[in-house]
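Working through the structure, step by step
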Amino acid sequence: MPCSSNSLVSKTDNIVIMPTMSLQQLAQRFSQRHPPCAERIYRNTLAVGAVAQYLRLLGIATDVSQSDSWHPVLQLVNDVADLYLPGYGRVECRVVEGDAADCYVPANVSCDRIAYIIVRLYLDSAEPEAALLGFATKVASERIQLHHLRSLSELPQYLNAYRDLAILTTPEG
């Protein structure tokens, strides 16, 4: 399937990441800090970690320590799943529930993200999987329709164009 800026994501475009054991243990530790929000924090941590694994495979640097999703207080008060990309900005790594046709994006994360990467988690097996479904560059409401996602094959080009535009529009650029 040729990719264009308007291409729809098919099942063959999904990227499946196997979360590392250390990521699973970290997600468990994070979730145990805040029992009322444990499931959300666990899923968000796995999604962020899976996206970070994928981006590193592409040669794109990530820094989870600069991400709000790794901050204990922000994990509790916000439904946040951001990943900081040095030189680019923040992407939001949202978990889509079950077989839903859309994905929830909290209003508080829609103002400063450069992209929204959608992840479907498969946690029922002994070896959890994270399927990266695609990405959106902006959100108009608190729901992203999955059939509107762009292919992940376009993500590196989009990020580079975004970074180049940001450099050109800064006062010192």
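Coordinates for the structure precede this section.
Bear in mind the structure is a predicted one, so any value in this text is a computation, not a measurement.

Considerations on the pairing of strand β6 (residues 129-136)
- Summarising burial for β6: seven of the eight residues are buried, a large majority.
- The pairing of strand β1 (residues 15-17) with β6 spans three bridges and is antiparallel. Directly across from Val-16, in β6, lies its bridge partner Ala-131.
- With antiparallel pairing between neighbouring strands as the criterion, strand β5 (residues 113-122) and β6 make up a hairpin whose turn holds six residues.

Quick word on the packing of aromatic side chains
- Tallied over the entire structure, the rule returns three aromatic pairs.
- Relative to Tyr-158, the ring of Phe-135 has its centre 5.6 Å away and its plane inclined at 40 degrees; by these criteria the two rings are tilted. Placement of the pair is Phe-135 in strand β6 and Tyr-158 in helix α4 (residues 155-169), with a sequence separation of 23 residues.
- A relative accessible area of 0% means that Phe-135 is categorised as buried.
- Between Tyr-158 and Tyr-162, the aromatic rings sit 6.2 Å apart at their centres with planes inclined by 45 degrees, giving tilted as the arrangement. A residue pair is termed a helical-turn pair when its members lie 3 or 4 positions apart in one helix, as Tyr-158 and Tyr-162 do in helix α4 at four residues.
- In this structure Tyr-162 comes out as partly exposed when scored by relative accessible area, which is 32%.
- Following the ring pairs from residue to residue traces out a cluster consisting of Phe-135, Tyr-158 and Tyr-162.

What about the environment of Tyr-42?
- When you line up the elements, Tyr-42 lands in helix α2 (residues 38-57).
- Tyr-42 sits eleven residues away from Ser-31 along the chain, and the two C-alpha atoms are 5.2 Å apart.
- Contact partners of Tyr-42, with chain neighbours within four places excluded, come to Gln-24, Ala-27, Gln-28, Ser-31 and Leu-123.

Reading the values: the criteria
Residues numbered from 1 in each chain as written. Predicted model: local features only at pLDDT ≥ 70, side-chain atom pairs only at ≥ 80, totals over all residues. Heavy atoms only, no water. Buried < 20%, exposed > 50% of the residue type's maximum accessible area, 1.4 Å probe, protein only. Helix = DSSP H or I, 4+ residues; strand = E, 2+ residues; numbered from the N terminus. Pairing = 2+ DSSP bridges. Phe/Tyr/Trp six-rings, centres within 6.5 Å; stacked < 30°, edge-to-face > 60°. Contact = heavy atoms within 4.5 Å.

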